[in-house]
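Chain and residue survey
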Amino acid sequence: MRRKTAQRNAIQQVFQKRDCPLGAQDVLCAARQVVDTLNESTVYRNLKLLVVKGWLRKINHPVRGTLYERCGKGHHHHFHCRSCNKVYELPGCALNEKESTPRGFITERHEVFLFGVCATCKSEN
């Protein structure tokens, strides 16, 4: 096990404070507010380590690419605002896998992304 560092603490604080899916660049910009010497390779190394340790999980977003979010939240989906480019968590799941899966297929997991405009951006227009 690697030792805990100020850089990793800053990265974890970003996820605890923002509590939403974030890309590596989002993490880098926010964590630099705490540790101004933080660099991109350190962020990627720590994100990988936090995934391996089970503290974070990867999300493969169809527009933004790889995002990360904290583990242990239960199954949920995401909303991507096309105006501010933020990704929000949607609680629960309305998809019935048994009804949605074609006959003879086996569903192992699924991810749903909704796209549109968030409430904040809608009120600004």
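Everything in this summary refers to the structure shown in the same document. Keep in mind that this is a model prediction, so the values were computed, not measured. Each chain has its residues counted from 1, running along the sequence as written. Side-chain atom pairs in this predicted model are given and counted only at pLDDT of 80 or more, local residue features only at pLDDT of at least 70, and totals for whole chains, interfaces and linings cover all residues. For the side-chain quantities, the full set of heavy atoms in the structure was used; hydrogens and water were omitted.

A short note on unusual backbone geometry
Positioned with a positive phi, Asp-19 is a non-glycine residue whose angle comes to about 50 degrees. Every helix listed is a DSSP run of H or I at least four residues long, and every strand listed is a run of E at least two residues long, numbered separately from the N terminus. Summarising the element assignment, Asp-19 is placed in the loop between helix H1 (6-18) and helix H2 (24-31). The cut-offs for exposure are 20% and 50% of the maximum accessible area for each residue type, with area from a 1.4 Å probe on protein chains only; residues under the lower value are buried, those over the upper are exposed, and the others partly exposed. On the basis of relative accessibility, which here comes to 38%, the residue Asp-19 falls in the partly exposed class. For Asn-85, which is not glycine, the phi torsion reads 70 degrees and is therefore positive. Looking at where Asn-85 falls in the secondary structure, it is placed in the loop between strand E3 (76-81) and strand E4 (87-91).

Considerations on the packing of H2 against helix H3 (residues 40-52)
It is the contact of H2 with H3, at a shortest axis distance of 10 Å, that shows an interaxial angle of 115 degrees. Relative to H3, H2 is oriented so that their crossing is right-handed. Here Ala-24, Gln-25, Val-27 and Leu-28 of H2 come into contact with H3, specifically with Glu-40, Val-43, Tyr-44 and Leu-47. Residues that form the contact of H2 with H3 fall into these classes: six nonpolar, one polar and one charged. Every axis corresponds to a line fitted to the C-alpha atoms, with the helix fit spanning only the stretch in contact, and the corresponding angles, defined between N-to-C directions, vary from 0 to 180 degrees. In a left-handed crossing the near helix is turned counterclockwise from the far helix by less than a right angle, and in a right-handed crossing that turn is clockwise. A contact between two residues is defined here by any heavy atoms of the two lying within 4.5 Å. Throughout, the ten residues Ala, Val, Leu, Ile, Met, Phe, Trp, Tyr, Cys and Pro are labelled nonpolar, Asp, Glu, Lys and Arg are labelled charged, and all others, Gly among them, are labelled polar.

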